[in-house]
Amino acid sequence: LRGELVAQREESTMVIQSESSTACSEQNALQSMVTELQDLSRKSQSEIEEVWQTVDQLRGELVAQREESTMVIQSESSTACSEQNALQSMVTELQDLSRKSQSEIEEVWQTVDQLRGELVA
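Residues numbered from 1 in each chain as written. Predicted model: local features only at pLDDT ≥ 70, side-chain atom pairs only at ≥ 80, totals over all residues. Heavy atoms only, no water.

Side note on the overall build of the chain
Here's step 1: When you go through the chain residue by residue, the secondary structure sums to 1 helix and 0 strands.
Here's step 2: In terms of C-alpha radius of gyration, the chain reaches 51 Å, well past the compact-globule figure of 14 Å for 121 residues.
Here's step 3: Projected onto its principal axes, the C-alpha positions of the chain cover 170 × 25 × 10 Å.
Here's step 4: Each of the 121 residues in the chain was classed as buried or not, and the buried ones make up 0%.
Here's step 5: Summed over all atoms, the accessible surface of the chain reaches about 11300 Å², with 56% contributed by carbon and sulfur. (Helix = DSSP H or I, 4+ residues; strand = E, 2+ residues; numbered from the N terminus. Rg over C-alpha atoms; globule rule 2.2 N^0.38 Å. Buried < 20%, exposed > 50% of the residue type's maximum accessible area, 1.4 Å probe, protein only. Areas by Shrake-Rupley, 256 points an atom, 1.4 Å probe, with all protein chains shown as cover.)

Re the pattern of salt bridges
Here's step 1: This model, assessed by the stated rule, comprises 4 salt bridges.
Here's step 2: Here Asp56 and Arg59 are joined by a salt bridge, their closest N and O atoms 3.5 Å apart. Residue Asp56 and its partner Arg59 are located together in helix α1 (residues 2-120), separated by 3 residues, close to a single helical turn.
Here's step 3: For Asp56, a relative accessible area of 47% corresponds to the partly exposed category.
Here's step 4: Using a relative accessible area of 48% as the deciding quantity, one classes Arg59 as partly exposed. (Salt bridge = Lys/Arg side-chain N within 4 Å of Asp/Glu carboxyl O.)

A few points about the environment of Glu11
Here's step 1: Positionally, Glu11 belongs in helix α1.
Here's step 2: Given the relative accessible area of 52%, Glu11 is considered exposed.
Here's step 3: Remark: the alpha-carbon pair of Glu11 and Glu68, spanning 57 residues in sequence, is separated by 84 Å.

Keep in mind these values describe shape, not function.
Have a look at this one:
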């Protein structure tokens, strides 16, 4: 019985050592995975912060660009309005000249008709 007990104890000790070694290897593998996941989490967090910084920067650029575009549009609108007013003045002036020319042409024809009449008489 002692021999069997000693053999069984030795076998149990070997099984325990084997199981302990396996558990230790598995624990080390799990610890490596946890460390890798923590590294990935930190890296992801860092990348997310970079993305938000880029988003904030792009927002700032967009606001600046929008303000600049608004100023350009206002300036162009003002210039177009001034040009339209100048053109309207020119049109009015041309209309006045046209009426004046028409009046002068009518006077010339009246004079021509009068001279014809005098020439005939």
